[in-house]
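Commentary on secondary and tertiary structure
Chain by chain, the residues run as shown.
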Amino acid sequence: MQCLNCENRCIVADGGLGGCGQYRRIGETMVECYPDRYLLACPIVIETMPMLHFHPGSKFLQISTVGCNLNCPGCISTTLVREMDPASSIMQQMSADQVVATAVSQECRGIAFLMNDPLASLDTFTKVAQAARAAGLLVGCATNATFTERSLSRLLPFIDFINIGVKGLTAQAYRSCGGRSPDAVLRNLRLLHEAGVHVEVACMHRRDNQDELRNLAHRVAKLSPAIPLQVMRYIPLESADPGWEPTILESEALVFDLRKILRHVYLFNSPGTDQLDSLCPECGEVLLRRDFYGPMGARLLAAQPGSCPHGSAFLDLRGDAVVGAFREGDFQGGYPFTRALEIVQSMLIALGVRDAVEVVRVWEKILNLQSLKELHLSIQQPSAYLATLEYFGALTGRQARAAALIAYLGERLEAVARGLAAVTHRPRVYYAMGKPLFAIKGPRFENQLVQLAGGDSVNRRLDLSGRPGMSIDREVLNALNPEVMVISAFLSCPVQDFHAECLRLGVDVEAVRNLRIYTPPVPSSDFGGPRWILGLLFLANILHPERFHFDIARESKDFYGEFYDMPFVPDHLNRSFGKPSNTWCWTRT
Ligand code: SF4
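Rules used throughout
Residues numbered from 1 in each chain as written. Predicted model: local features only at pLDDT ≥ 70, side-chain atom pairs only at ≥ 80, totals over all residues. Heavy atoms only, no water. UniProt positions renumbered as here; feature names shortened; annotations may be inferred. Pairing = 2+ DSSP bridges. Helix = DSSP H or I, 4+ residues; strand = E, 2+ residues; numbered from the N terminus. Buried < 20%, exposed > 50% of the residue type's maximum accessible area, 1.4 Å probe, protein only. Contact = heavy atoms within 4.5 Å. Axes fitted to C-alpha atoms, helices over the stretch in contact; angles between N-to-C directions. Parallel < 35°, antiparallel > 145°, perpendicular 65-115°, else oblique. Left-handed = near helix turned anticlockwise from the far one by under 90°. Nonpolar A, V, L, I, M, F, W, Y, C, P; charged D, E, K, R; others polar. Right-handed = clockwise from strand over helix to strand, strands pointing away.

As annotated in an unreviewed UniProt entry, the protein chain carries the name Radical SAM protein and comes from Syntrophotalea acetylenica. Within the UniProt record for the protein chain, the comment given under Cofactor (unreviewed entry) is "[4Fe-4S] cluster".

Things to note about the sheet that holds strand β14 (residues 286-292)
The antiparallel open sheet is built from three strands, whose spatial order is β13-β14-β15. One side of each edge strand has no neighbouring strand; the edge strands of this open sheet are β13 (278-279) and β15 (298-303). Here five bridges tie β14 to β15, and the two strands are oriented antiparallel to one another. For R289, the partnering residue across the bridge sits in β15 and is A302.

Focus: the environment of C493
Within the fold, C493 resides in the loop between β20 (484-487) and α17 (495-505). Of the residues examined, C493 reaches a relative accessible area of 7% and is grouped as buried. Along the sequence, C493 and S270 sit 223 residues apart, while their C-alpha atoms lie 9.2 Å from each other. The contacts of C493, once residues within four sequence positions are left out, are G434, I487 and F498.

Remarks on the packing of helix α15 (residues 445-452) against helix α19 (residues 532-543)
Contact pair α15 / α19: the axes reach a minimum separation of 9 Å and the direction vectors enclose 45 degrees. Considered as vectors, α15 and α19 are oriented oblique to each other. Considering how the two elements wind past one another, α15 and α19 form a crossing that is right-handed. Along its contact with α15, which presents F445, L449, V450 and L452, the element α19 presents W532, L536, L539 and L543. Grouping the amino acids of the contact of α15 with α19 by side-chain chemistry returns eight nonpolar, no polar and no charged.

Observations concerning the environment of P468
Here P468 lies in the loop between β18 (456-457) and β19 (469-471). A relative accessible area of 10% means that P468 is categorised as buried. Non-local contacts of P468, meaning those with residues more than four positions away in its chain, are made with F292, M433, F438, A439, I440, K441 and R444.

Considerations on the pairing of strand β8 (residues 138-143)
The element β8 is largely enclosed, with a buried count of six among its six residues. Side chains L138, G140 and A142 project from β8 onto one buried face, and the interleaved V139, C141 and T143 project onto a second face that is buried too. Bridge analysis of strand β7 (residues 110-113) against β8 gives four bridges, and the strand direction is parallel. Of the residues in β8, the one forming a bridge with F113 is C141. With helix α3 (residues 122-134) bridging β7 and its parallel neighbour β8, the resulting β-α-β unit is right-handed. Sheet topology places β8 next to strand β9 (residues 161-166); four bridges connect them, and they run parallel. Paired with C141 across the two strands is I162, which belongs to β9. Following the backbone out of β8, through helix α4 (residues 149-155) and into the adjacent parallel β9, one traces a crossover that is right-handed.

In structure tokens, the structure reads:
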């Protein structure tokens, strides 16, 4: 028989599994294999989903299971959709009524299914949606929307909002994800909009798909120019080609163009951009001000929809905006949770783990102990980081490898410390992510590296909230007057663009005047995975060129050879925290 949950329409023999591995045919029915089992059920602010024009700032209960009906290259949720074991002991069994009761007890405005696709758990989500609607809660999801008409008709009566992730407008874009074509997604977009569901559309911006995004904006505008479009600047993760990553300025230029087609177009994955704000088109007043809040996320900072005569009507908001009603902790809710899993994975890979199943067993241990918060603290200090490696070494029976890695890192930490003996001047260093005014929080690892490399981290003088920091005023940065500026190796920016932005914004500091702006040459080498040692050596070189001359290329080759058992090929390095290269393969998944 054919499974009619999604447009893959798998033909499944009796007793067999469908292509996504989430449904089994029993007689003439496709039965969900892991019903009512959740990886996450935790409160978030709706912008974390992300959803920008629906009850802005309100608290919702995030629910996530595991698995997906598609398999997109470079998926940010790979840990959840491909690697996590759906039968794992960390999956919480909860009935639909229990999910609703949790949302009510946490004072959530509603329930949102996100991070993996509800199409992997359609019966479970439909039951929750039905129970939530009966309890007066709002319900929505983030999805690839490859529903068949039949499966959509089951869900449609119970949902209030939806974020549709469009993969492109060609059959090829869908085939690269294991799907068929965009036709059904566009049909569903129309059906949902016509049914009165609040729809926002999300699409990746890669270097090669600008025209597709323009076409998509025109297609959406035909339905309604008021439908918000979320442009996700592509972060090359997992097996993705690093060459697909546009710069923030390239994505901003595209968003500027798309705003001529649609009223509300926003840019994600671009810390420091002002293109997450909603402005009145008549007077330019900022009606809703938002900031970057981790990958794929935003945070509402200020809301004054009625502050100009045209504001409220222009915004097309559903529900009132509230600011500061709730804030997630580090690693809690949204995609930062998957980053936590990847960081653990990165440590295990460096310890010699090559079997993804072994990684899952360690994730289970950490999540069962509810020790994500301790993990977050332990990866912010190199000394605690080394202790965490020792712990994972003991946990996986790889004590010798852990000792070798700790010794390797320790030797280099000592070499830098020795080189700094009697140093008389520690340059003031400012660490930004993306654009110049997005400051990384003081306690973060990047700023600890600055201190260890002989700098004076000015970020530590700022009182910043947000994840992993927040936008600051130009005057604040000017008053700090850093001698050196460093751009994060995760969500980065070419040095020339960063410098031009500083001039445009009026950032007048020594680092700009003396062109002392840098970004580590190895992606993701200043946070998360143990290759941060390469970031430390790079920082030591730039902060004290009279004392340090580490050969970063040779150090990178040595580190990759010794701990990843693979060659260091710069063209294969993308921005993954977990995997050391886009050619990484597990021996078993
Ligand atoms: S949900 Fe989609 S991918 Fe999964 S078995 Fe059904 S048709 Fe196949």
